[in-house]
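As a plain string of letters, each chain reads:
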Amino acid sequence: MIRHIIAAIATALALWAVFFMLGLDSEADRMGQIRNVIARSEVTVKVQQVTPAAEPIAAPAETKKQEDEAAKKLKALRERAGNVMAFKVSPLYKQKCASCHGVNGEGIIGPKLVGKTSAEVAQALHDFKSGKRKNYVMYGLLSKMDETQMQALSDEIGTFAAKAAAE
């Protein structure tokens with residue numbers, strides 16, 4: 001009797017192994033078909049190198065005008081970038097807040113934080129964490145923060161206006 005049971009189990013395992021191998025063969029065949037499709041879809045592109053035509057020499061007045069325009073654009077860019085690190089912030093703020101609210105709370109994707117009081121920020125953080133205010137990014141960031149970290153962030157953000165004014 002036991003021999004018959006063992007024989008039946010061995011037969012079932014052998015049948016399973018055969019079907020498993022057939023499945024692997026079909027997967028390998030599909031991978032080969034995918035490789036063939038990729039090989040057929042490869043495209044070669046000839047690139048011709050074009051030599052630029054000689055630029056006409058600009059008149060001195062025109063050159064001066066172009067330099068002035070470039071200087072104005074550079075000045076505007078410097079003014080916009082000038083406040084990128086106006087004051088130092090904590091590593092916690094850099095890690096949790098800076099990517100959306102800016103390095104100094106000037107607002108990028110998220111709203112501007114400069115000018116908010118510590119109490120306003122603390123209330124907003126609690127509202128986001130509790131779900132009273134819906135924002136999945138803020139909820140995800142705050143869900144693993146404890147009260148001391150949230151209070152530290154609130155206190156720090158509350159000082160941004162004074163720090164910005166001091167600069």
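Reading the values: the criteria
Residues numbered from 1 in each chain as written. Predicted model: local features only at pLDDT ≥ 70, side-chain atom pairs only at ≥ 80, totals over all residues. Heavy atoms only, no water. Helix = DSSP H or I, 4+ residues; strand = E, 2+ residues; numbered from the N terminus. Buried < 20%, exposed > 50% of the residue type's maximum accessible area, 1.4 Å probe, protein only. Contact = heavy atoms within 4.5 Å. Areas by Shrake-Rupley, 256 points an atom, 1.4 Å probe, with all protein chains shown as cover. Phe/Tyr/Trp six-rings, centres within 6.5 Å; stacked < 30°, edge-to-face > 60°.

(A) Main features of the overall build of the protein chain. The helix and strand inventory of the protein chain stands at 8 helices and 0 strands. Of the regular secondary structure in the protein chain, the N- to C-terminal order runs α-α-α-α-α-α-α-α. In the protein chain, which comprises 167 residues, the share counted as buried stands at 17%. The contacts of the protein chain with a sequence gap of at least 6 include a subset with a gap of at least 24, amounting to 46%. If you sum the accessible surface of the protein chain, you get close to 13500 Å²; carbon and sulfur atoms cover 62% of it.

(B) Up close: the packing of aromatic side chains. Counting across every chain of the model gives 2 aromatic pairs. Plain terms: the ring middles of Tyr 93 and Phe 160 are 5.1 Å apart, the flat faces sit at 85° to each other, and that makes the pair edge-to-face. Separated by 67 residues along the polypeptide, Tyr 93 in helix H3 (residues 91–96) and Phe 160 in helix H8 (residues 160–166) bring together distant segments of the chain. Here the two residues Tyr 93 and Phe 160 agree in accessibility, since each one is buried.

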